[in-house]
Amino acid sequence: MKVLNKDIGQDIDAMYQLVAGRLAAADRELQVVAYDGEGLSDVEWSDDAVTISLHSGVPTHALAHVLAVALQHVRQSLDGYPRITEPEGDQPEGSELVRSSLRELVLESDAEAQLVSLGLDRTWENEQRHQAMKTLLKAPPADWDEEDSLGNLFIALQYARMSLNHPPEMWRALQKRTEEVLPNAAARGEQALAAVKKRRWGSARAVLESFVSVRDELGIDDLVQVEDAYGEPQ
């Protein structure tokens, strides 16, 4: 299939058609467009369409995997997966990073589990993610190692996410660096990792339980609200 006028092969054709068909049954069109925003992809829902935006800087060989992950996020919504939302009241600046990191920790793991058998090329993404984490750890602010600071929580959740989804041979050096410069954040990352491993993913129920488990383990209910498929806080 062609995406953004680039031939990405046929590995995800069936997945694309399945998601597009489910959306069509609900009178929504599936669209894929280019953008230059933050992150590699974005999914936007409207009354008559779901638009997947893919970053224009993603090389052709990496597009299939980036699109496949975005398709899995659409599938998760169609399957009634829970949502992380902002609690009522004023939120500190930067708190969305904590919420988005928790989303990614569990939902990315769920998405990747669906893609393992396809053997899609993740090399470029792994390199980008590795360099980004390496940069964060080069000279982190001192308060990032203070418990309950937003920087501490952000690093802890990134630590847990990369423990699960980064190639082990690449993760070891980053893990060691985190333990050296931000030992408290690394310890809290291990807490988050253990919490998500207890409940894991693979269904809306399991994801809900993982969200709640990590939230409660880290004590971040003031920053994170978990809602089930019906919008009920958990």
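The paragraphs below set out a description of the structure included in this document.

Criteria and thresholds
Residues numbered from 1 in each chain as written. Predicted model: local features only at pLDDT ≥ 70, side-chain atom pairs only at ≥ 80, totals over all residues. Heavy atoms only, no water. Core = buried A, V, L, I, M, F, W, Y, C linked by side-chain atoms within 4.5 Å. Buried < 20%, exposed > 50% of the residue type's maximum accessible area, 1.4 Å probe, protein only. Helix = DSSP H or I, 4+ residues; strand = E, 2+ residues; numbered from the N terminus. 1 Å grid on protein atoms, 1.4 Å probe; cavity = no way out; pocket = protein on both sides within 12 Å on 5 of 7 lines; lining within 4 Å. Points joined across faces, edges and corners; volume = space filled by probe spheres on them. Nonpolar A, V, L, I, M, F, W, Y, C, P; charged D, E, K, R; others polar. Pairing = 2+ DSSP bridges. Axes fitted to C-alpha atoms, helices over the stretch in contact; angles between N-to-C directions. Contact = heavy atoms within 4.5 Å. Expected span 1.5 Å × (residues − 1). Parallel < 35°, antiparallel > 145°, perpendicular 65-115°, else oblique. Left-handed = near helix turned anticlockwise from the far one by under 90°. Salt bridge = Lys/Arg side-chain N within 4 Å of Asp/Glu carboxyl O.

Moving on to the nonpolar core. Core analysis: the biggest nonpolar cluster contains 26 residues, and Ile8, Ile12, Leu30, Ile52, Leu54, Leu67 and Leu71 have the highest contact counts within it. Those elements that place two or more of their residues in this core are helix H1 (13-25), strand E5 (49-55) and helix H2 (60-78). Sort the elements by how many residues they give to this core and H2 lands first, with ten residues. Among the nonpolar cores identified, the runner-up in size contains 25 residues, and Val98, Leu102, Val106 and Leu153 belong to it.

A few words on the layout of surface pockets. The volume enclosed by the largest pocket comes to roughly 1600 Å³. Around the largest pocket, the lining is made up of 44 residues, and of these Ser41, His73, Ser100, Glu104 and Arg161 lie nearest the centre. The set of elements that each furnish at least two residues to the lining of the largest pocket consists of strand E4 (41-45), H2, strand E6 (83-85), helix H3 (95-115), helix H4 (123-138) and helix H5 (150-165). Partitioning the lining of the largest pocket into residue classes produces 20 nonpolar, twelve polar and twelve charged.

Attention now moves to the sheet that holds E5. Sheet strands pair by backbone hydrogen bonding; their relative direction is either parallel or antiparallel. Ordered in space as E3-E5-E4, the three strands form an open sheet in which the pairing is mixed. One side of each edge strand has no neighbouring strand; the edge strands of this open sheet are strand E3 (29-35) and E4. The average angle at which neighbouring strand axes cross in this sheet is 20°, direction not considered. Strand direction decides the pairing type here: E3 and E5, joined by seven bridges, are parallel. Bridging across to E5, Tyr35 finds its partner in His55. Sheet strands in contact with H1 are E3, E4 and E5, and its direction is about 120° off that of E3. Across the sheet, H2 is in contact with E3, E4 and E5; its angle to E5 comes to roughly 150°.

It is worth spelling out H5 at this point. Along an α-helix, residues three or four positions apart point the same way, because every turn accommodates 3.6 residues. Counted at 1.5 Å a residue, the expected span for H5 with its 16 residues is 22 Å, and the 22 Å between its end C-alpha atoms agrees. The element H5 is largely enclosed, with a buried count of 13 among its 16 residues.

In the contact formed by H3 and helix H8 (residues 204-218), the axes pass within 10 Å of each other and the chain directions differ by 150°. When the interaxial angle is binned, H3 and H8 end up roughly antiparallel. As for how H3 packs across H8, the hand of that crossing is right-handed. Only Val207, Ser210, Phe211 and Val214 of H8 make contact with H3, whose side of the interface consists of Leu102, Arg103, Leu105, Val106, Leu107 and Asp110. For the contact of H3 with H8, the residue count by class is seven nonpolar, one polar and two charged.

Right, let's talk about the environment of Ile220 for a bit. One can find Ile220 in the loop between H8 and strand E7 (225-227). Sequence-distant contacts of Ile220, defined by excluding residues within four places in its chain, comprise Val98, Leu153 and Arg215.

Turning to the pattern of salt bridges, a few remarks are in order. Applying the stated criterion across every chain yields a total of 13 salt bridges. The partner of Arg161 in a salt bridge is Glu104, with the nearest N and O atoms 2.8 Å apart. With Arg161 in helix H5 and Glu104 in helix H3, this residue pair connects regions lying 57 residues apart in the sequence. Glu104 gets classed as partly exposed once you look at its relative accessible area, which sits at 31%. Three or more residues are tied together by salt bridges with common partners; here these are Arg22, Arg75, Asp79 and Asp110.

One non-glycine residue, Leu4, adopts positive backbone phi at about 55°. Relative to the assigned elements, Leu4 resides in the loop between strand E1 (2-3) and strand E2 (6-7). Among the residues examined, Leu4 registers a relative accessible area of 27% and is labelled partly exposed. A positive phi angle is found at Asp27, which is not glycine, with a value near 60°. Its place among the elements puts Asp27 in the loop between H1 and E3.

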